[in-house]
Amino acid sequence: MTRDDTGGTAAVDAVVVGAGFSGLYMSHRLRELGLSVQVFEKAPDVGGTWYWNRYPGARCDSESHIYCYSFSEEIRDEWVWSERYPEQPEILEYLRFAADHLDLREQISFETAVESATFDGDAGTWTVETDDGESVTSQFFISAVGCLSEPYIPDFDNRSAFEGEIYHTARWPQDGVDLDGKRVGIIGTGSTGIQLTPEVADRAGHLTVFQRTPNYAVPARNRPLEDDEWAEIKANYDEIWEDARFSWLGMPFEMTHATTAGMSDEEIRDALEDGWQAGGFRFLHTFEDTLFNDDTNEIVSEFLREKIREQVEDPETAEKLVPTAHPYGSKRPPMDYGGYYETFNREHVTLADVAENPITEFTPEGIQTTADHYDLGTVIFATGFDAMTGALLAMDIEGRDGHVLEEEWEGGPRTYLGLGVDGFPNLFTITGPQSPSVLSNMPVSIEQHVDWIADCIEYMQSEGYEYIEPQSAAAERWVSQTNMLANEMLFSEAESWYRGANVPDKPRVFTPFPGGVETYRRECERVVENGYEGFDFAESLGPLGTSAD
Ligand code: NA7
């Protein structure tokens, strides 16, 4: 297929949706294979997550030297990160640099959202329609929309009555928000709310944090990266990346201990203190069974509860901030970059416990709970995302024989390896549901998925195949395996966005693959070695979907 702009509908080999980490690399790989590519991006620039999430304090919880691409030595050699954890403007700058370096902008239509993608069974192609009326047909339709792209805003009564300003962290204005001296309310105490709170407290005249579920924040221990440290990282980059690719979380850290069993209280305490000092996700690597074993988890959770109590002066406030209803790690563990808990020691900061006294409505002057009215000029929703499936299902995707993705996934998403969906030929989903995605350092998982997809397309080219589709039975098995692994872990003990629990009426199913990056990568490699086990290929459409397996 070639691009043909002359007749109303253009034709390309592949449409890629999204120009963040995954869309940029995917379009690069496809172009290298000689394919014509059209990328659609909703934002006016590249960056994805890092274009939109520009709230004060926005930062990545993965360490910067592994929160980047590994595939290009030139990009690796030219870029120098300034801090241990990269801040949003620096990541955005990095992705702009990568897009320019790889000369990718020409194939991207910015400020263009894909509204629908329909597989035409007669033509054997996808027809992709956008919000500006563009229509493109393509052989491959590749979603690079990200897992946390569709903001979730709870439907509070009377929100429109509020006369102040309302923002969502993931739609933060380009020019920033004037918070100086204002009466600000933040709703939400997930990773975002925890990054945001100390920053807003520094500027606001008064800050109220509306907390429904307290969280276990661990210090990130951010600091500048010194030249010699950076030089050492660069000298060992290949090894570091290989460790990350074959690790649990896509991070090159070893587990320090297998379990707490058999250790004395003092040894356990020392191990946890070491993890606490190391900071960030290194803390989660203290005991290998933290997310499997109730006993270990309770020890770790209790250690963190004590740490919270030590940081908060008022015992009543401290108890409100201490999580008791869910085990550590069963929700995404947040990181503390700037004295989150100590922020509640400040005179002008109030904690409103909206589990005890829920928000009843917005008023023209602020927020009413069952107990109090809070006068506010600015309200910030740090209320998260319709995660994992929100952005994908925001597009109307219709596969062969009338398969509609939203209907197929009514009971929860169903993929094979998080890469493809039966009934949807030549659709690929980068970091899709049932792949490690949000349970990993994203760029490592993104590169693995993009490489797998590009290699698969290259294989199709060499074999003369036009179509690929997962077998239903393979998808069924994969979803069961994902669920089985999740059930062996402590994830079911929290109402988390991993399980769709944050969005009303969303199916409650555990969505990411929890078996770890290494296990997953080896499974994807095994599938390829076995001749793409679980996938059907075809030169024409007839045989697809007829596999007995
Ligand atoms: P999260 O982790 O989904 O956090 C959202 C927060 O908003 C969380 O504290 C929620 O409380 C709270 N929330 C949601 N709805 C309400 C209502 N109706 N009332 C009060 N509070 C509410 O989103 P984040 O943006 O922080 O993080 C998402 C991921 O982005 C993060 O994990 C990283 O991977 C990057 P709840 O816990 O549901 O009681």
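Coordinates for the structure precede this section.
Residues numbered from 1 in each chain as written. Predicted model: local features only at pLDDT ≥ 70, side-chain atom pairs only at ≥ 80, totals over all residues. Heavy atoms only, no water.

Q: Any details on the overall build of the chain? Residues and values, ideally.
A: From N to C terminus, the chain includes 16 helices and 20 strands. Computed over the C-alpha atoms, the radius of gyration of the chain is 24 Å, within 12% of the 24 Å expected from 2.2 N^0.38 for a compact globule of 549 residues. Based on the C-alpha atoms only, the size of the chain along its principal axes is roughly 70 × 60 × 45 Å. Put simply, of all contacts in the chain between residues at least 6 apart along the chain, 72% involve residues at least 24 apart. Carbon and sulfur atoms form 43% of the exposed surface of the chain, whose accessible area is close to 21,800 Å². (Helix = DSSP H or I, 4+ residues; strand = E, 2+ residues; numbered from the N terminus. Rg over C-alpha atoms; globule rule 2.2 N^0.38 Å. Contact = heavy atoms within 4.5 Å. Areas by Shrake-Rupley, 256 points an atom, 1.4 Å probe, with all protein chains shown as cover.)

Q: Before we move on, can you summarise the layout of surface pockets with the specific residues and values?
A: Volume-wise, the second largest pocket comes out at about 340 Å³. Lining the second largest pocket are 16 residues; nearest its centre among them are Ser247, Trp248, Phe253, Met255 and Glu518. No fewer than three residues from each of domain 1 (10-150 + 387-538) and domain 2 (159-381) sit in the lining of the second largest pocket. (1 Å grid on protein atoms, 1.4 Å probe; cavity = no way out; pocket = protein on both sides within 12 Å on 5 of 7 lines; lining within 4 Å. Points joined across faces, edges and corners; volume = space filled by probe spheres on them. Domains from an automatic or database assignment.)

Q: Lay out the sheet that holds strand E16 (residues 378-381) with the relevant residues and their values.
A: In spatial order, the strands read E7-E16-E8-E9-E12; together these five strands make up an open sheet with parallel pairing. Each of the sheet's edge strands pairs with one partner strand only, and the pair in question is strand E7 (165-168) and strand E12 (349-353). The mean inter-strand angle of the sheet, taken between neighbouring strand axes irrespective of direction, is 20 degrees. Of the pairings in the sheet, the one linking E7 to E16 comprises four bridges and is parallel in character. Residue Tyr167 lies in a different strand from E16, and its bridge partner there is Ile380. (Pairing = 2+ DSSP bridges. Axes fitted to C-alpha atoms, helices over the stretch in contact; angles between N-to-C directions.)

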